[in-house]
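Commentary on secondary and tertiary structure
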Amino acid sequence: MDHFLYRDGALFAEDVPVAEIAAAVGTPFYCYSTATLERHFRLFDEALEGMEHLVCYAMKAASNQAILKTLAALGAGMDVVSGGEYARAIAAGVPGERIVFSGVGKTREEIHAALSGGIRQFNVESEPEMAVINEVALELGVVAPITVRVNPDVDAKTHAKIATGKSENKFGIPISRAREVYAHAASLPGLKVIGIDVHIGSQLTQLEPFRLAYEKVAQLTEELRADGHEITRLDLGGGLGIPYTRSNDAPPLPTEYGALVKETLGHLGCEIEIEPGRLIAGNAGIMVSKVIYVKEGEDREFMIVDGAMNDLIRPAMYEAHHDIVPVVEAEAGIEKRRYDIVGPVCESGDTFAKERMMEPIAAGDLIAFRSAGAYGAVMASEYNSRPLIPEVLVNGDQFAVIRRRPTLDEMINRDTIPEWL
Ligand SMILES: *Cc1c(COP(=O)(O)O)cnc(C)c1O
């Protein structure tokens, strides 16, 4: 569920007409709903009620400071995957004890920054990384709390580019080697082993892969405890999928996911962490774009819009589907037309949808890409020298620009000319 609905034929973001925002900030832009962000966070928080837990928002999905502050105010922790994200979490006022550091290639500098600023735990992804965390901790005279990310070798049944839990993926250590790696970790004086971490992929639309992974984690918990490790915390990663279309089978709900967590892991008495990103931000955001031209093709029309793959790369990168709707609702019963919806970038990959049936659209009309809140703005680039598009946050009947569009001069002046030119 989200808060982007039609009222009297006009698309609203909560209580604000989307067309009003477009008039104020220009197109294209991202628009997020506070109510949807809050609702999704609470769904997860409530789904784990009865177990000690922390929901750590995976901020790589959408990391604007205003989004982080909205979630942090509800008590969210943050899952970060870089020094930049760690700095963003701190800047948003999230205390170090609520920040989890994941990621397959943490550098010495990033580890140093997190250990100095405070960190809930590192999710360690390899033995060489473990050695570096140990070294930095000893240099700083602290003990680094760690889990080890295990790769349970389960098929997440998702797009290959976002599956992470098979043995051929680069993430974590094979679960079959976990006991050996934990024994090594326990021998390093700069580390304190506190738990186990697992994250098998993104946009999972079934519970079964989670069940398989969590059953393996439960068994490993018992084995590691028998080996003498104190396993008190289980980080279960993120990955629960969202409905990208209104018609397809809905992915499992956070309540069903929470019930599965209790069933597979509840008996262990561990504190549970989860790291949802997409499910919190995905349907909390839209990208609004204006139609520049409608061009006749042989057997279809091309709808050329002012948003492009550099603004929203998911269709080009993952063959992702986004529902695309007009900001002014079409009359009921009007005959649909067949459109290829494309951006202006000089790549055939700059295609948002092929042969999409839509109500007739004319140049100048506004359209909205739904479910664009996660992995949208954060993956944007300035390819084709298109400035990063603004982000807007709506809250009830108010809206605010939370990242403005840079001017062309600002964009150009980030380059510097060497003295020989
Ligand atoms: C990307 C990622 C997440 C979030 O995944 P979603 O599918 O957005 O929920 C959580 N944990 C880790 C380690 C990740 O890399």
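Residues numbered from 1 in each chain as written. Predicted model: local features only at pLDDT ≥ 70, side-chain atom pairs only at ≥ 80, totals over all residues. Heavy atoms only, no water.

**Topic: the site of the ligand**
- Taken together, the neighbourhood of the ligand is formed by 15 residues, with Lys60, Ser202, Glu275, Arg278 and Tyr375 sitting nearest.
- Within the side chain of Lys60, an N or O atom sits 2.8 Å from an oxygen atom of the ligand.
- Gly277 places a main-chain nitrogen or oxygen 2.9 Å from an oxygen atom of the ligand.
- Bound to the protein, the ligand loses 94% of the 390 Å² it would expose on its own.
- Put simply, the ligand lies in the largest pocket.
- Tallied by class, residues from the shell around the ligand come to 3 nonpolar, 7 polar and 5 charged. (Near = heavy atom within 4 Å. Polar contact = N/O pair within 3.5 Å; in protein donor to acceptor, adjacent residues only side chain to side chain. Areas by Shrake-Rupley, 256 points an atom, 1.4 Å probe, with all protein chains shown as cover. 1 Å grid on protein atoms, 1.4 Å probe; cavity = no way out; pocket = protein on both sides within 12 Å on 5 of 7 lines; lining within 4 Å. Sits in = over half its atoms within 2 Å of the grid points. Nonpolar A, V, L, I, M, F, W, Y, C, P; charged D, E, K, R; others polar.)

**Quick word on the domain arrangement of the protein**
- Structurally, the protein comprises domain 1 (4-31 + 282-412) and domain 2 (34-280).
- On a C-alpha basis, the centroid separation for the pair domain 1 and domain 2 is 32 Å.
- With 24 residues of domain 1 in contact, the opposing surface of domain 2 contributes 24 residues.
- When domain 1 packs against domain 2, the two sides together hide about 2,000 Å² of surface, and 53% of this comes from carbon and sulfur.
- The largest per-residue losses of area from domain 1 upon contact with domain 2 belong to Asn283, Tyr318 and Tyr375, which jointly make up 26% of the total buried on that side.
- Our count for the contact surface shared by domain 1 and domain 2 stands at 11 residue pairs in polar contact (both at pLDDT 80 or more). (Domains from an automatic or database assignment. Contact = heavy atoms within 4.5 Å. Buried area = accessible area lost by both parts, 1.4 Å probe.)

**A few points about the packing of helix H2 (residues 34-47) against helix H3 (residues 65-72)**
- The geometry of H2 relative to H3 is characterised by a closest axis approach of 10 Å and an angle of 45° between their N-to-C directions. Classified by the interaxial angle, the pair formed by H2 and H3 is oblique. The way H2 lies across H3 gives a crossing that is right-handed. For the pair H2 and H3, contact is made by Thr34, Leu37, Glu38 and Phe41 and by Ile67, Thr70 and Leu71, respectively.
- For the contact of H2 with H3, a count of residues per class yields 4 nonpolar, 2 polar and 1 charged. (Axes fitted to C-alpha atoms, helices over the stretch in contact; angles between N-to-C directions. Helix = DSSP H or I, 4+ residues; strand = E, 2+ residues; numbered from the N terminus. Parallel < 35°, antiparallel > 145°, perpendicular 65-115°, else oblique. Left-handed = near helix turned anticlockwise from the far one by under 90°.)

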